[in-house]
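Residue strings, one per chain:
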Amino acid sequence: MTAPLSTLAAPPAAPLAIGPHTVQPPVVLAPMAGITNAPFRTLCREFSGGKGLFVSEMITTRALVERNEKTMQLIHFDATETPRSIQLYGVDPVTVGKAVRMIVDEDLADHIDLNFGCPVPKVTRKGGGSALPYKRPLLRAILREAVSNAGDLPVTMKMRKGIDDDHLTYLDAGRIAVEAGVTAIALHGRTAAQHYGGTADWDAIARLKEHVPEIPVLGNGDIWSADDALRMVRETGCDGVVVGRGCLGRPWLFGDLVAAFEGTGETARPTLREVAGVMRRHAELLGEWIGDEARGVIDFRKHVAWYLKGFSVGSQLRKQLAITSSLAELDELMAGLDLDQPWPDGADGPRGRTSGNNRVVLPDGWLKDPYDHAGVGADAELDTSGG
């Protein structure tokens, strides 16, 4: 399952400090709605040997405060997860403060990350997600409420460069975050207009690091391999990396990342037989977590194409694997694969969403004054992915 590690030298092994928590190597799993639930985090953590930081799916503050049943399941952490890291998305300072206080009072997590990176239209048209940092006073109010209610829990934030190239916010947002007491910042090197298209701007990550030297800066965007992660650290001077789409269908990437940052070990190049074994375990873990095998397998369907990327699998079999509803059916179909296939060339490249160059939908008049005290309606707080 392994091949020699790249000759690209590892950067100095500087641990990442997130409040009282040391993350070594400085590798973080990006929150992804519907993906980074407890079963997927378990797989990534197993491959990493428990090293790194694995953040929950994005949780809306309103749903948490209202104790929405689905939300309360999403914030469940396995007993082996430490530190317990939860990402919150909120648009109202008071509600964010209540959610953070609830996490502290009920000991629900050890670290809180705030999301300001979501680029999808149904969120930005309400002023939420990656549109929100444009309103500097609102961003400041949310961060202050979060930090003031967090007690000893560290609060971090994840954001994008801005709305588009004409409305960049990341440097102002970084300074506001430092002044509010945020512990670390992760920057996705794209604007909301780019969505997930084009190339991530790693130079922006370097500029942010220079702009806020007081706290750690993590880089996010276009990390498809361990070599990419090492290169990002070397080129930007960032303190760590956040990996999202690169690990879709490849939870073993976290083992590669650990080996790369530690300067030892090898990169994973699993055969299809080994990939099928991980697929089976992933589906089984989802069923156990949901409490229903069929629902677990159905939830697993979206992962099939990512796991099989690059392998020679007939179109009919791919379709059948994407509509399975039981572990027995999944086992039977995977037995029909050519399981001795080696890891395909090119399968380490980009995966997941790639759409870009979209017009960002915003509330009327949103761009008139970045310093007004506009609020955001509660309907901006939708359960969607995170940026």
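This structure is a prediction, so every number in the text was calculated from the model and none was measured.

Rules and cut-offs
- Residues numbered from 1 in each chain as written.
- Predicted model: local features only at pLDDT ≥ 70, side-chain atom pairs only at ≥ 80, totals over all residues.
- Heavy atoms only, no water.
- Buried < 20%, exposed > 50% of the residue type's maximum accessible area, 1.4 Å probe, protein only.
- Helix = DSSP H or I, 4+ residues; strand = E, 2+ residues; numbered from the N terminus.
- Arc of directions from axis to C-beta.
- Contact = heavy atoms within 4.5 Å.
- Pairing = 2+ DSSP bridges.
- Axes fitted to C-alpha atoms, helices over the stretch in contact; angles between N-to-C directions.
- Salt bridge = Lys/Arg side-chain N within 4 Å of Asp/Glu carboxyl O.
- Expected span 1.5 Å × (residues − 1).
- Disulfide = S-S within 2.5 Å.

Draft legend 1. View of helix α15 (residues 327-335). Looking only at α15, the buried set comprises Leu 327, Leu 330, Leu 333 and Met 334. On an axial view of α15, the arc spanned by its buried residues comes to 125 degrees, and they lie on one face. When the buried face of α15 is taken as reference, the exposed residues oriented beyond 90 degrees from it are Ala 328, Glu 332 and Ala 335. As for α15, its buried residues are in contact with α11 (272-290), α12 (293-300) and α14 (315-321).

Draft legend 2. Focus on the sheet that holds strand β7 (residues 111-116). Here eight strands make up a closed barrel; going around it, the order is β4-β5-β6-β7-β8-β11-β12-β13 and the pairing parallel. Across the sheet, the mean angle separating the axes of adjacent strands is 25 degrees when strand polarity is ignored. Across four bridges, the pairing between strand β5 (residues 53-60) and strand β6 (residues 85-89) is parallel. From the neighbouring strand, Met 58 faces β6, where its bridge partner is Gln 87.

Draft legend 3. Broad picture of the environment of Ala 328. You can see Ala 328 is positioned in helix α15. C-alpha of Ala 328 to C-alpha of Leu 139: the two residues are 189 residues apart in sequence and 49 Å apart in space.

Draft legend 4. Region of interest: the pattern of salt bridges. Counted by the stated rule, this structure contains 25 salt bridges. Of the charged contacts, one joins Asp 105 and Arg 101 as a salt bridge, the two residues approaching to 3.4 Å between their closest N and O atoms. Of this pair, Asp 105 and Arg 101 both sit in helix α4 (residues 93-105), separated by four residues, roughly a single helical turn. We classify Asp 105 as exposed; its relative accessible area is 55%. You can call Arg 101 partly exposed: its relative accessible area is 31%. Across the pair Lys 161 and Asp 201 runs a salt bridge, and its minimum N-O distance is 2.9 Å. Highlighted residues: Lys 161 in the loop between β8 (155-160) and β9 (162-164) and Asp 201 in the loop between β11 (184-188) and α8 (202-211), separated in sequence by 40 residues. The same class applies to Lys 161 as to Asp 201, namely buried.

Draft legend 5. Looking closely at α4. Across its 13 residues, α4 extends 18 Å between first and last C-alpha, which sits within 8% of the 18 Å expected from 1.5 Å per residue. For α4, the set of buried residues is Pro 93, Thr 95, Val 96, Gly 97, Ala 99, Val 100, Met 102 and Ile 103. Packed against the buried residues of α4 are α2 (61-65), α3 (69-74), β6, β7 and α6 (136-149). Asp 107, located one to two residues past α4, shows a positive phi value of around 50 degrees.

Draft legend 6. Summary view of the state of the cysteines. Scanning all chains against the criterion turns up zero disulfides. Looking at Cys 118, it has no disulfide partner, and the nearest cysteine sulfur is the one in Cys 247, 18 Å off. Of all cysteine sulfurs, the one in Cys 247 lies closest to Cys 238, which takes part in no disulfide; the gap is 17 Å.

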